[in-house]
Amino acid sequence: VQLQASGGGLVQAGGSLSLSCASSGRTFSRYFMGWFRQAPGKEREFVASINWNPGIPFYADSAKGRFTISRDKAEKTAYLQMNSLKTEDTGIYYCAAAGGLITGRARDLGAYDYWGQGTLVTVSS
């Protein structure tokens, strides 16, 4: 599975950005795609993920109410709509995929088998 993340950029606090993660290659009957981020000097952390079928989302507390994860099954692409961005949302955002049912571990970095290259999100004050 190959993952290609895009959509990062520079935005002012309070603004919005939409990230995309296009997947290609092997497909799975059970599949999760997720977003993680890594701020400078910090560990990579969970942001959101989605169970491909039937599209159930999971969010970090920091993302709830501001971010929305979705997927287009036909395009094999996951999206992360980020609204009301804060300076603390700054970081490299990585998309990830797991070829299996990981419902109980959807927030665990180690549950994901495939990773994209990351896209930089910078939120200025």
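Values in this document were obtained by computation on a predicted structure and should not be read as measured data.

Procedures and definitions
- Residues numbered from 1 in each chain as written.
- Predicted model: local features only at pLDDT ≥ 70, side-chain atom pairs only at ≥ 80, totals over all residues.
- Heavy atoms only, no water.
- Disulfide = S-S within 2.5 Å.
- Helix = DSSP H or I, 4+ residues; strand = E, 2+ residues; numbered from the N terminus.
- Buried < 20%, exposed > 50% of the residue type's maximum accessible area, 1.4 Å probe, protein only.
- Contact = heavy atoms within 4.5 Å.

Undergrad: I'm lost on the state of the cysteines in this one. Help?
TA: Summed over all chains, the structure comprises one disulfide. The disulfide that involves cysteine 21 links it to cysteine 95, with 2.2 Å between the sulfurs. Between cysteine 21 and cysteine 95, the S-S dihedral sits near 65°, and the bridge is therefore right-handed. Of the two residues, cysteine 21 sits in strand β3 (residues 17-24) while cysteine 95 sits in strand β9 (residues 91-98), which places them 74 residues apart along the sequence.

Undergrad: I keep staring at the environment of isoleucine 50 and nothing clicks. Help me out?
TA: When you line up the elements, isoleucine 50 lands in strand β5 (residues 45-51). With a relative accessible area of 2%, isoleucine 50 lands in the buried category. Considering only alpha carbons, one finds isoleucine 50 and tyrosine 79, 29 residues apart in sequence, at a separation of 9.8 Å. Contacts of isoleucine 50, omitting those with residues within four sequence positions, involve Tyr31, Phe32, Met33, Gly55, Ile56, Pro57, Ile69, Ser70 and Arg71.

Undergrad: In this structure, what is going on with unusual backbone geometry? I would like to understand it.
TA: Excluding glycine, residues mostly have negative phi values, and the peptide bonds linking residues are mostly trans. The omega torsion across asparagine 53 and proline 54 is 15°, close enough to zero to call that bond cis. Secondary-structure assignment places proline 54 in the loop between β5 and β6 (56-59). At lysine 76, a residue that is not glycine, the phi angle is positive and equals roughly 55°. Turning to its location among the elements, lysine 76 is positioned in the loop between β7 (67-72) and β8 (77-82). Using a relative accessible area of 24% as the deciding quantity, one classes lysine 76 as partly exposed. Of note, the phi angle at serine 84 is positive, near 50°, even though the residue is not glycine. With respect to the helices, strands and loops of the structure, serine 84 is situated in the loop between β8 and β9.

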